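Now for the letters of each chain:
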Amino acid sequence: MDAVLPAPAPGATPEVERLRRRAGYVSLLGGTAVFAIKLLAWQVSGSTAALSDALESIVNIVAAGFAIFAIRFAAIPADRDHPYGHGKIEHLAAAFEGGLISFAAVMIFFAAGTSLWTGVELREVDLGLAALVVAGVLNLILGSWILRVGRQTDSPTLVADGQHVLADVWTTLGVLLGLGLARVTGLEWMDPLVALAIGALLARTGFRLVGDAAHGLLDREDPALLARLVDAFNDSPVEGLTNLHRLRAIRSGDLVHADAHVFVPAHWTVERAHEAMVELERRVSASAGFQGELALHLDPCHPGVCSGCDHVECPMRSEPFRGRVRLTVEAAVGPSRLGERPR
């Protein structure tokens, strides 16, 4: 018997959607300003490392533009063609950004290799350093804010964008170090070497973002989400409902789709079981703090659950109630260990 509880919530509130879109536009404008500053740093200094930093900022601009599209698309309500909503586009956007970062790393490797081969000629290093300091501070503020908004609104796109911008801060620090050492020591070849290190760092970030996005698109198990659901079940008891098992959950944007099996007293009517399930769904959703749907398969009770079942007036009870057993994630995702109900 399946009890499919209320249909998925329509998605994020208008306030959350506005916050996401605002973060996307701020990311685009901020990325453009930072790119202009880094481009100035490269032009005045002739630094290959500064050029690599500017190339990476181009990726920020393109990724921010795609993020705005993804956020708006993900907000479209579920429809006949997309019954689980459009939230998966955010994982695609994160993968796109990771691919762009990896491409920028390749371009940096090429530019650094060319500089090492043909030689480096640095110019107004002090002015270039000053411009890069300004760009780094702006990126630190911008990335921290975008990442906070992304986590606050459960947006994979903004989280990826914020992580990317913060990674750009480390890139700029590396450029400052390399360019500063080249200025102090006079060893100008250190500048493209730092650029190579920056490219390696960006390649690592890009591959990680693509991998995380792929896991999201393939619905890889989310331990944190499962833990939230299990804790919510433990904290939201409904009389007669015990032994949650075969729990599965996926995300589609900010919507959660979960299904599981649970034991109910075998003598209950369908109507009573359904009412209990609706109450359980309401409590679990409120306690876990997510929007979406919870589909539960009802299993008739088994003598093995009697000691943990708080339906004390059950006429089929085989042993007294000794207290509810606190569920673990491992037990919740696995099959019931109680076997088939005797016939």
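Numbering of residues begins from 1 in every chain and follows the order in which that chain's sequence is written. Whole-chain, interface and lining totals are the exception, using all residues; otherwise, since this is a predicted model, local features are given only for residues with pLDDT of at least 70 and side-chain atom pairs are given and counted only at 80 or more. Side-chain metrics rest on all non-hydrogen atoms present in the structure, leaving aside hydrogens and water.

### A closer look at the overall build of the protein
In terms of helices and strands, the protein carries nine helices and four strands. In this text, helices come from DSSP runs of H or I with a minimum length of four residues, and strands from runs of E with a minimum of two, each type numbered from the N-terminal end. Written out in order from the N terminus, the α and β elements of the protein read β-α-α-α-α-α-α-α-β-β-α-β-α. It is over C-alpha atoms that the radius of gyration is taken, and the globule rule equals 2.2 Å times the number of residues to the power 0.38. Relative to a compact globule of 343 residues, whose C-alpha radius of gyration would be 20 Å, the protein shows 27 Å and is clearly more extended. Overall, the protein is about 90 × 35 × 30 Å in size when its C-alpha atoms are taken along their principal axes. Across the 343 residues that make up the protein, the buried fraction comes to 47%. A fraction of 77% describes how many contacts in the protein between residues 6 or more apart in sequence connect residues 24 or more apart. The Shrake-Rupley method, run with a 1.4 Å probe sphere, supplies the accessible areas, and residue values consider only the shown protein chains as cover. On the protein, roughly 16600 Å² of surface is accessible, and the fraction owed to carbon and sulfur atoms is 63%. In the protein, the 29 positive side-chain charges and the 37 negative ones have mean positions that sit 3 Å from each other. Only protein chains enter the accessibility calculation, which uses a 1.4 Å probe; a residue whose area is less than 20% of its type maximum is buried, one above 50% is exposed, and one in between is partly exposed. Any two residues having at least one pair of non-hydrogen atoms within 4.5 Å are treated as being in contact. Under this rule, positive means Lys or Arg and negative means Asp or Glu; His and the chain ends count for nothing. Positions of charges follow a simple convention, taking NZ of Lys, CZ of Arg, CG of Asp or CD of Glu.

### Examining the packing of helix H4 (residues 125–152) against helix H5 (residues 156–185)
All axes are obtained by fitting lines to C-alpha atoms, using only the stretch in contact for helices, and the reported angles, taken between N-to-C directions, cover 0 to 180 degrees. Contact pair H4 / H5: the axes reach a minimum separation of 8 Å and the direction vectors enclose 160 degrees. By the criterion of interaxial angle, the relationship of H4 to H5 is roughly antiparallel. Viewed along their axes, H4 and H5 form a crossing whose handedness is left-handed. Considering only residue class, the contact of H4 with H5 consists of 17 nonpolar, nine polar and five charged. Should an angle fall under 35 degrees it is taken as roughly parallel, and over 145 as roughly antiparallel, whereas 65 to 115 is taken as roughly perpendicular and any remaining angle as oblique. Helix crossings get a hand from a simple test, with the near helix turned counterclockwise from the far one by less than a right angle marking a left-handed crossing and a clockwise turn marking a right-handed one. Note on residue classes: Ala, Val, Leu, Ile, Met, Phe, Trp, Tyr, Cys and Pro are nonpolar, Asp, Glu, Lys and Arg are charged, and everything else, Gly too, is polar.

### Quick look at the packing of helix H2 (residues 48–74) against helix H3 (residues 89–118)
A pair of packed helices is captured by two measures, namely the crossing angle of their axes and the spacing between those axes. Their axes nearest at 9 Å, the elements H2 and H3 cross at an angle of 165 degrees. Judged by the inter-axis angle, H2 sits roughly antiparallel to H3. The element H2 and its partner H3 pack so that their crossing is right-handed. Considered class by class, the residues forming the contact of H2 with H3 number 21 nonpolar, three polar and three charged.

### Quick word on the layout of surface pockets
For the largest pocket, the calculated volume is near 780 Å³. Counting residues per element, the ones that place at least two in the lining of the largest pocket are H3, H4, H5, helix H6 (190–217), helix H7 (223–235) and strand E2 (242–252). In terms of residue count, the dominant contributor to the lining of the largest pocket is H6 (six residues). Here the residues of the lining of the largest pocket sort into 11 nonpolar, seven polar and 11 charged. The rule is simple: put a 1 Å grid over the protein atoms alone, call a set of points where a 1.4 Å probe fits but cannot get out a cavity, call an open set with protein on both sides within 12 Å along at least five of seven lines a pocket, and count a residue as lining if it has an atom within 4 Å of a point. Grid points are joined across faces, edges and corners, and a volume is the space filled by probe spheres set on the points.

### Side note on the pattern of salt bridges
What makes a salt bridge here is a side-chain nitrogen of Lys or Arg within 4 Å of a carboxyl oxygen of Asp or Glu, nothing more. The tally for this structure, following the rule as stated, stands at eight salt bridges. Across the salt bridge formed by arginine 324 and aspartate 310, the nearest N and O atoms sit 3.3 Å from each other. Within this pair, whereas arginine 324 is found in the loop between strand E4 (291–300) and helix H9 (329–333), its partner aspartate 310 is found in the loop between E4 and H9, the two being separated by 14 residues in sequence. The class for arginine 324 is partly exposed, based on a relative accessible area of 31%.

### Focus: the pairing of strand E3 (residues 255–264)
The buried count for E3 comes to eight of 10 residues, which makes it a mostly enclosed element. Here a strand pair is declared whenever DSSP counts at least two bridges between the two strands. Sheet topology note: the E3/E4 ladder contains 10 bridges and is parallel. Paired with valine 262 across the bridge in E4 is leucine 298. Since E3 and E4 lie parallel, the crossover through helix H8 (residues 270–288) that links them has a hand, and here it is right-handed. With its strands directed away from the observer, a crossover is right-handed exactly when the path from the first strand over the helix to the second travels clockwise.

### Quick notes on the side chain of serine 27
Residue placement: serine 27 occurs in helix H1 (residues 14–45). With near-sequence residues (within four places) excluded, serine 27 lies in contact with Ala64, Leu142, Ile146 and Asp161.

### Some thoughts on the nonpolar core
Most often, soluble globular proteins keep nonpolar side chains buried together rather than apart. Counting 30 residues, the largest nonpolar core has Leu132, Val175, Ile198 and Leu202 as its most contacted members. Those elements that provide at least two residues to this core are H1, H2, H3, H4, H5 and H6. Contact partners of isoleucine 198, with chain neighbours within four places excluded, come to Ser52, Ile108, Thr171, Gly174 and Val175. By nonpolar core we mean a set of buried residues, namely Ala, Val, Leu, Ile, Met, Phe, Trp, Tyr and Cys, connected to one another through side-chain atoms within 4.5 Å. The next biggest cluster of nonpolar side chains, apart from the first, holds 29 residues, and it includes Val238, Leu241, Ala276 and Val284.

### Observations concerning the confidence of the model for the protein
Values of pLDDT, the confidence the predictor places in each residue, fall between 0 and 100. Averaged over all residues, the pLDDT of the protein is 79; the fraction at 70 or higher stands at 91%. Here strand E1 (residues 2–4) stands out as the element of the protein with the lowest mean pLDDT, 44, in contrast to H4, whose mean of 90 is the highest. Contacts for the low-pLDDT stretch residues 1–10, under 50 throughout, to residues beyond four places or in other chains number 28 contacts. Taken as a whole, residues 339–343 scores under 50 in pLDDT and shows nine contacts with residues more than four places along the chain or in a different chain.

### Let's talk about a nonpolar patch on the surface
Together, Leu116, Leu187, Trp189 and Leu193 make up an exposed nonpolar region whose accessible area comes to about 360 Å². Within the fold, leucine 116 resides in helix H3. Patch definition: residues above 30% relative accessible area lacking any salt bridge, with like charges linked at up to 9 Å and the nonpolar side chains Val, Leu, Ile, Met, Phe, Trp and Tyr linked at up to 5 Å.

### Concerning unusual backbone geometry
For asparagine 243, which is not glycine, the phi dihedral falls at a positive 55 degrees. The topology assignment puts asparagine 243 in strand E2. Note on asparagine 243: relative accessible area 29%, which makes it partly exposed. Even without a glycine there, the phi angle at arginine 246 is positive, about 55 degrees.

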